[in-house]
Amino acid sequence: MTKGTPMVLNWKSGGVLLGLVFFAAVLLVKPIGVSTQFVILDAIIADAANPGLITATDEGFTSTNAYLAKSGGVYAKNAMNPLNYSFVFVLAMALGAFASAMARGGVGREERRLPAIWYANYGDTPWKRYGMAFLGGFIVLYGARLAGGCTSGHMMSGMMQTAVSGYVFAAGAFAAAVPVAIMMYQREG
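Structural notes, computed from the coordinates. Keep in mind that this is a model prediction, so the values were computed, not measured.

The phi angle at Ser71 is positive, at roughly 55°, despite the residue not being glycine. Secondary-structure assignment places Ser71 in helix α3 (residues 66-80). Taking relative accessible area as the criterion, Ser71 reaches 58% and is therefore assigned exposed. Even without glycine at this site, Thr162 takes up a positive phi of about 55°. With respect to the element layout, Thr162 can be found in the loop between α8 (151-160) and α9 (164-184).

Structure below.
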């Protein structure tokens, strides 16, 4: 590899490594899922802004917010004690992505350019792309909380454990994503 050439992981090797990480997580701790940690982060911030949102009881923790208080106050407990496996895992994902980018020399100018397919369909509109990415992420996260889990929890961890719900979710996700992508990107890049 020459200087300035980004290090790229072959998709097959990446898939095997991802599978091994998921297998190790299930074997050693629990299935991987991250969307709940956005709820925990929101609860941490909300409790800081509104002390008393989460309170300690003899049985554990509870909240004046019904969502945080459900399941015996598990979300309230995690918000009060965020240094748990799941929350640290999500923080480590972001830190790991940053460390990986820095280890290969940072994110180059070429990688920061708009993809050709976006440019062909929407022109030179980086802020529109950021807005669409944020909106898409918001919709997916909102849906994940309605469904009680995210793509990594339902699809990846669920399918790995051969849960029928994981396969149903994967089929539904692709049944929605493919037509939306076709509508959004009618012109090729």
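There's more to say after this.
Next up on the list: the packing of helix α2 (residues 36-49) against helix α4 (residues 85-103). Running from N to C, α2 and α4 point in directions that differ by 100°, and their axes come no closer than 10 Å. Considering the angle they form, α2 stands roughly perpendicular to α4. Taken together, the residues of α4 that come into contact with α2 (itself represented by Gln37, Ile40, Leu41 and Ile44) are Ser86, Phe87 and Val90. Here the residues of the contact of α2 with α4 sort into five nonpolar, two polar and no charged.

It is worth spelling out the side chain of Ser63 at this point. Structurally, Ser63 is set in strand β2 (residues 61-63). At 2.8 Å, the side chain of Ser63 and the backbone oxygen of Leu53 are in polar contact. Within the structure, the side chain of Ser63 is placed 2.9 Å from the backbone nitrogen of Asn65, a separation counted as a polar contact. Non-local contacts of Ser63, meaning those with residues more than four positions away in its chain, are made with Leu53, Ile54, Leu68, Ala69 and Ala76.

Core analysis: the biggest nonpolar cluster contains ten residues, these being Val39, Ile40, Ala43, Leu53, Ile54, Leu68, Tyr75, Ala76, Ala79 and Phe87. Where this core is concerned, the elements lending two or more residues are α2 and α3. For this core, the leading source of residues is α3, giving four residues. Discounting residues that sit within four places of it in the chain, Ile54 has contacts with Ala43, Asp47, Phe61, Thr62, Ser63, Leu68, Ala76, Ala79 and Met80.

Attention shifts here to the packing of aromatic side chains. Using the criterion set out here, one finds seven aromatic pairs in the structure. The interplanar angle of 40° and the centroid separation of 5.4 Å between the aromatic rings of Tyr67 and Tyr75 together place this pair among those described as tilted. Pairing Trp127 with Tyr130 gives two aromatic rings, centres 5.0 Å apart and planes at 75°, and the pair type is edge-to-face. Here Trp127 and its partner Tyr130 are both found in helix α7 (residues 126-147), three residues apart, which amounts to about one turn of the helix.

Take the environment of Met183 next. As for its position among the elements, Met183 is in helix α9. Counting along the chain gives 124 residues from Met183 to Glu59, while the straight-line C-alpha distance between them is 51 Å.

On to empty space enclosed by the protein, then. Within the structure shown, the criterion is met by one cavity of 30 Å³ or more. The calculated volume of the largest cavity comes to roughly 30 Å³. When its residues are assigned to classes, the lining of the largest cavity shows three nonpolar, two polar and no charged.

Attention now moves to the layout of surface pockets. Empty space within the largest pocket amounts to approximately 630 Å³. The wall of the largest pocket is formed by 22 residues, among which Gly136, Ile139, Val140, Ala177 and Val180 lie closest to the centre. Elements with a contribution of two residues or more to the lining of the largest pocket: α7 and α9. Examining the composition of the lining of the largest pocket, we find that nine residues originate from one element, α7, more than from any other. Class assignment for the residues of the lining of the largest pocket results in 16 nonpolar, five polar and one charged. Taken together, 17 residues form the lining of the second largest pocket, with Lys30, Pro31, Gly33, Val34 and Thr36 sitting closest to its centre. Contributions of two or more residues to the lining of the second largest pocket are made by α2 and α3.

Thresholds, definitions, all that
Residues numbered from 1 in each chain as written. Predicted model: local features only at pLDDT ≥ 70, side-chain atom pairs only at ≥ 80, totals over all residues. Heavy atoms only, no water. Helix = DSSP H or I, 4+ residues; strand = E, 2+ residues; numbered from the N terminus. Buried < 20%, exposed > 50% of the residue type's maximum accessible area, 1.4 Å probe, protein only. Axes fitted to C-alpha atoms, helices over the stretch in contact; angles between N-to-C directions. Parallel < 35°, antiparallel > 145°, perpendicular 65-115°, else oblique. Contact = heavy atoms within 4.5 Å. Nonpolar A, V, L, I, M, F, W, Y, C, P; charged D, E, K, R; others polar. Polar contact = N/O pair within 3.5 Å; in protein donor to acceptor, adjacent residues only side chain to side chain. Core = buried A, V, L, I, M, F, W, Y, C linked by side-chain atoms within 4.5 Å. Phe/Tyr/Trp six-rings, centres within 6.5 Å; stacked < 30°, edge-to-face > 60°. 1 Å grid on protein atoms, 1.4 Å probe; cavity = no way out; pocket = protein on both sides within 12 Å on 5 of 7 lines; lining within 4 Å. Points joined across faces, edges and corners; volume = space filled by probe spheres on them.

The analysis is restricted to geometry; functional conclusions fall outside its scope.
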